[in-house]
Amino acid sequence: MAHPIKLQIQFGGGAELLFDSIKSRTIELPAIDKYFPECQREKWTIKELLVWMKDNLLRERPELFLQGDSVRPGILVLVNDTDWELYDELSYELLEGDTIAFISTLHGG
Amino acid sequence: MDVIQRLEQEIAELKDTLQMKEQELVEIKQKFLQINENSTENTKVRIGGLPKWAIERYSRQILLPDIGVQGQGRLMAARVLIVGAGGLGCPASAYLAGAGVGEIGIIDYDEVDVTNIHRQILHRERDQNLSKAQSAANSLRSINSKIKITPYSIDINPSNGLEIAKNYDLILDCTDNVPTRYMLNDISVLTGIPLISGSALKMEGQLTIYGYRGKGGDEKEQTHIGPCYRCIFPRPPPPETVGSCSAQGVAGPIPGVIGVLQALEAIKLLVGHPHTQLLVQRMLLFDGGDSTFRTVKLRPRSPACEICSDEPTITKLLDYEVVCQSQAKEKDLDLHILQSENRISAKELAKSLNAKERHLLVDVRSEAEFNMCNIDGAVNYPLEKLREKQFEELMEKIRSCTSYVTFVCRRGNDSQLAAERVLDALVGPDRSRVRDLTGGLHAWARHVDIDFPVY
Ligand SMILES: [Zn+2]
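This is a predicted model, so every value here is computed, not measured.

1. Notes on the interface of chain A and chain B
Interface size is commonly expressed as the accessible area that is lost once the parts come together. Each partner contributes to the interface: chain A provides 30 residues, whereas chain B provides 38 residues. In this assembly, chain A packs against chain B so that about 2800 Å² is buried in total across both faces, 55% of it on carbon and sulfur atoms. Its largest share of buried area at the contact with chain B, chain A owes to L106, H107 and G109 of chain A, together 28% of the area lost on that side. Linking chain A with chain B are 4 salt bridges, by the criterion used here. Of the charged contacts in the structure, one is a salt bridge between D83 of chain A and R299 of chain B, with a shortest N-O distance of 2.7 Å. Joining chain A to chain B, the criterion identifies 16 residue pairs in polar contact (both at pLDDT 80 or more). For the side of chain A that touches chain B, the elements supplying multiple residues, two or more each, are β1 (5-12), β5 (75-79), β6 (82-83) and β7 (99-104) of chain A. Examining the composition of the side of chain A that touches chain B, we find that 3 residues originate from one element, β7 of chain A, more than from any other.

Encoded structure:
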């Protein structure tokens, strides 16, 4: 049965500017069928997390964070300090206590 | 005033002479060093392959099991190319010169500016307007006269990049822009030379090694180990999301930390540490704001990578400014958006303000910049926040007054964007009240108020 989960989400490299300049926060996601009534799955994936973040945290200019249903180029997504590419990217099923980080790459020197 | 001009002229001439003499000395020393190295006298005092002077000079690092005599020998035989003589390149090259890396090439097209000095530690006040590559080379030579330093006061680009790089064993990416970073990655993959990539902005820095190749022993020679830049970032970021040190600021020690760590990774790599001990397929994230370092695991080399996979679609260098839709040299931007009737020069604005004509002066720079310096009476509406509520608030102000509305920014680009946004929302005669300060506060400082800070 679907149930709510708690996560840590983190931002770095300037991505935090789109989220009230808060670099780290704990969030609680409701049971997924509460938030997406049509959703057949029982677990949240990063894909739905991004939608939830857009609805609940992203104040303005979503195009600076999102592109299509994923993050824009130049943002590295980390699942518990590991590149999300090693975790199925958008399809990764979130677990209670996971830390998901969104790090914008820097280019200055 | 004549005295000042004469002295400035004399100093400039003396600087040129000094530089010529230094160059002459370097060349003579290098010849002498070569003769000395080849003499039988010298080989007698070689210990474990190193001459006496080298054992003495580098003893503090030779003592480390991590380096040792063999490692020192490898450093002295190594050739490292440093791209960018700025906040990262200065500390990185200083430590590599100190460590006795045999040959250091340093590239930078730019000249030393006073705003560089808080972080670009090889440049001194007296080096202003000197080529950064030359200034860095001078400092590096004063650190270590036993090594070869090659300054390149040029723009590294797709037509010269491979040619320059192939004389080196390792490249350090110490640049400040996206197109050059993609180009250096492609140079690294095409030549098989590993790339140590550092970056820094505001209070944060990032560091990793791209395009690493096995070095024999436990690592199969020349095979790819770990990703390249394109494996992780196949698409460049949208230009509007990319920050720069000159626009957003940087604390001096931030690139200092990252540049020094680039040098450390370079030393370990050259000495022959295995990839498991290097930042290969790992990225170091440094946040100076809360004093944290973390190392995250990156994806491996991508089988679909456009350049480093077994079937690459990119086989030569590209036009990176086109690919990345942004410029390698940030200073060139010069927008012409507004019609001439919606623009006002610095002198005209000063005249109008002096004649007590009323202007709503809207400064669209960031709050931090506005707090640093501003024209008396200006109000601050940062362009990045000039949307929705903020924008409506400003429009209300504009509609309810009859004075001129003059937009101001640093160089006169953002002010046009802001004025355009406002013009689009206005109809009729109100439009004629809106203008932007041509050339921005730089022009204001040049033509009206010489005491106004130029940054
Ligand atoms: Zn690749």
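2. Details of the UniProt feature "modified residue: 1-thioglycine" (unreviewed entry) in chain A
In the numbering used here, UniProt assigns the feature "modified residue: 1-thioglycine" (unreviewed entry) to G109 of chain A. Along the chain, the position of G109 of chain A falls in the segment after β7. Those residues within four positions of G109 of chain A in sequence are excluded, and the remaining contacts are G86, G87, L88, R119, T175, D176, A200 and C245 of chain B.

3. Examining the layout of surface pockets
Residues and elements named next belong to chain B. By volume, the second largest pocket amounts to about 590 Å³. Along the walls of the second largest pocket sit 27 residues, with L18, E22, R126, N138 and S139 positioned nearest its centre. Looking at the lining of the second largest pocket, the elements with two or more residues in it are α1 (2-38) and α7 (132-143). For the lining of the second largest pocket, the leading source of residues is α1, giving 10 residues. Looking at the lining of the second largest pocket, its residues break down into 7 nonpolar, 10 polar and 10 charged. Counting contributing residues per domain, the lining of the second largest pocket is built from domain 1 (1-45) and domain 2 (78-331), each supplying no fewer than three.

4. Let's talk about the UniProt feature "binding site: ATP" (unreviewed entry) in chain B
If you check UniProt for "binding site: ATP" (unreviewed entry), the listed places come out as G87, D108, K132, D176 and N177 of chain B in our numbering. Inspection of the secondary structure puts G87 of chain B in the loop between β1 (79-83) and α6 (89-98). Not counting residues up to four positions away in its chain, the partners in contact with G87 of chain B are G109 of chain A together with R119, Q120, P255 and G256 of chain B. Take N177 of chain B: it is sitting in the loop between β4 (170-173) and α9 (178-191). For N177 of chain B, the residues in contact, after removing those within four places along its chain, are H107 of chain A together with Q327 and A328 of chain B. Among the polar contacts listed, one links the side chain of N177 of chain B to the side chain of D176 of chain B, at a separation of 3.0 Å.

Thresholds applied
- Residues numbered from 1 in each chain as written.
- Chains lettered and ligands numbered in written order.
- Predicted model: local features only at pLDDT ≥ 70, side-chain atom pairs only at ≥ 80, totals over all residues.
- Heavy atoms only, no water.
- Contact = heavy atoms within 4.5 Å.
- Buried area = accessible area lost by both parts, 1.4 Å probe.
- Salt bridge = Lys/Arg side-chain N within 4 Å of Asp/Glu carboxyl O.
- Polar contact = N/O pair within 3.5 Å; in protein donor to acceptor, adjacent residues only side chain to side chain.
- Helix = DSSP H or I, 4+ residues; strand = E, 2+ residues; numbered from the N terminus.
- UniProt positions renumbered as here; feature names shortened; annotations may be inferred.
- 1 Å grid on protein atoms, 1.4 Å probe; cavity = no way out; pocket = protein on both sides within 12 Å on 5 of 7 lines; lining within 4 Å.
- Points joined across faces, edges and corners; volume = space filled by probe spheres on them.
- Nonpolar A, V, L, I, M, F, W, Y, C, P; charged D, E, K, R; others polar.
- Domains from an automatic or database assignment.

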